[in-house]
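Residue strings, one per chain:
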Amino acid sequence: MAYESDLNLKATELRSKGSSCVSSKVESGERDSAPPAKEQVVGWPPIRSYRKNCLRAKKNDQVDGAGMYVKVSVDGAPYLRKIDLQVYKNYPELLETLENMFKLTIGEYSEKEGYNGSDFAPTYEDKDGDWMLVGDVPWDMFISSCKRLRIMKGSEARGLSC
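All residue numbers refer to position in the chain's written sequence, counted from 1. With the structure being a predicted model, the display of local features is reserved for residues of pLDDT at least 70 and the display and counting of side-chain atom pairs for 80 or more, all residues being used for whole-chain, interface and lining totals. Only hydrogens and water are removed before side-chain values are computed, so all heavy atoms of the structure are retained for them.

Q: Can you explain the packing of aromatic side chains? Please cite residues and give values.
A: Classification of ring pairs uses Phe, Tyr and Trp, with its six-membered ring standing for Trp, and accepts pairs whose centres are within 6.5 Å; under 30 degrees between planes counts as stacked, over 60 as edge-to-face, and the remaining range as tilted. With the rule as written, the count across this model stands at five aromatic pairs. For the ring pair Trp139 and Phe142, a centre distance of 5.4 Å and an interplane angle of 35 degrees mean the geometry is tilted. With Trp139 and Phe142 both in helix 4 (residues 139–145) and three residues apart, this pair spans about one turn of that helix. Partly exposed residues are those whose accessible area sits between 20% and 50% of the maximum for their type, while under 20% is buried and over 50% is exposed, using a 1.4 Å probe and protein chains only. The exposure class of Trp139 is buried, given its relative accessible area of 13%. Following the ring pairs from residue to residue traces out a cluster consisting of Tyr91, Tyr124, Trp139 and Phe142. The numbering of helices and of strands both runs from the N terminus, where a helix is a DSSP run of H or I of at least 4 residues and a strand a run of E of at least 2.

Listed below in structure tokens is the structure:
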């Protein structure tokens, strides 16, 4: 019992000392200083946030706006790629990049025959959800309406030309 009373006495003393320290600091006008700033951990924030911030910074710097990224898929390929359409100035430049990226031959586009003479035909989905051949519309209209690209087998794309 004596042990319990000693503990209670010590606890009461500590409480009274703690409250008197706090009250004396308040009376004298002293404040606890803010905790020191934490150092930034290497590799933080995640790369995803970093990329978003970079794109926002570029968007503020450029009058034209940030990149126009679209997904590109190829029939028979188990993977997709994303490309920035704003990087390219015309269709031949875009098609050359796609040929090099996927190691295939697309060939030349003609308004009457589409992409005859090649095994693949590049198509795109516009804002309305329609699939059209790449090259059917002027470049500026293509850039503004393209949602995604798909390089189809030539036999599947026969009915898409104008």
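Q: Can you lay out the pattern of salt bridges for me, pointing to particular residues and giving the numbers?
A: Salt bridge, as used here, is a side-chain nitrogen of Lys or Arg placed within 4 Å of a carboxyl oxygen of Asp or Glu. For the structure on display, the rule yields three salt bridges. The salt bridge partner of Asp75 is Arg150, with a shortest N-O separation of 3.0 Å. With Asp75 in the loop between strand 1 (69–74) and strand 2 (80–84) and Arg150 in strand 5 (residues 148–153), this residue pair connects regions lying 75 residues apart in the sequence. Using a relative accessible area of 24% as the deciding quantity, one classes Arg150 as partly exposed. Between Glu125 and Lys147 there is a salt bridge; the shortest N-O distance is 3.9 Å. Taken together, the positions of Glu125 in strand 3 (residues 120–125) and Lys147 in the loop between helix 4 and strand 5 put the pair 22 residues apart, joining distant regions of the chain. Beyond isolated ion pairs, a larger network of salt bridges with shared partners links Glu125, Lys147 and Arg148.

Q: Describe the sheet that holds strand 3, naming the residues involved and giving the relevant values.
A: Hydrogen bonding along the main chain pairs the strands of a sheet, whether they run parallel or antiparallel. Think of it this way: DSSP has to see at least two bridges between two strands before they count as a pair. Taken together, the five strands give an open sheet; going across it, the order is 2-1-5-3-4, and neighbouring strands pair in mixed fashion. Looking along the sheet, the strands with just one partner apiece sit at the ends: strand 2 and strand 4 (131–133). With direction set aside, neighbouring strand axes in the sheet form an average angle of 30 degrees. Both strand 1 and strand 2 contribute to a ladder of five bridges, which runs antiparallel. Angles here are taken between N-to-C directions and fall from 0 to 180 degrees, while the axes themselves are lines fitted to C-alpha atoms, restricted in helices to the stretch in contact.

Q: Residues and numbers for the pairing of strand 3, please.
A: In terms of residue burial, strand 3 counts as a mostly covered element, since six of its six residues are buried. A two-sided burial pattern is seen for strand 3, the buried positions comprising Phe120, Pro122 and Tyr124 on one face and Ala121, Thr123 and Glu125 on the other. Examined bridge by bridge, strand 3 and strand 4 share three bridges and lie antiparallel to one another. Bridge assignment links Thr123 to a residue of strand 4, and that residue is Leu133. Turn length for the strand 3-strand 4 hairpin, with the two strands adjacent in sequence and antiparallel, is five residues, and the turn residue Gly129 shows positive phi of about 90 degrees.

Q: Got a sec to walk through the side chain of Asp126? Specific residues and values, please.
A: Relative to the assigned elements, Asp126 resides in the loop between strand 3 and strand 4. Although Asp126 is buried, it forms no salt bridge, and the closest oppositely charged side chain is Lys147 at an N-O distance of 7.0 Å. A contact between two residues is defined here by any heavy atoms of the two lying within 4.5 Å. The residues touching Asp126, leaving out its near neighbours within four places in the chain, are Met132, Ser145 and Lys147. When charges are counted, Lys and Arg contribute as positive and Asp and Glu as negative, whereas His and the chain ends are disregarded.

Q: Lay out the environment of Ser73 in plain terms, naming residues and giving numbers.
A: Assignment of secondary structure puts Ser73 in strand 1. Sequence-wise, Ser73 and Arg148 are 75 residues apart; in three dimensions their C-alpha atoms are separated by 8.4 Å.

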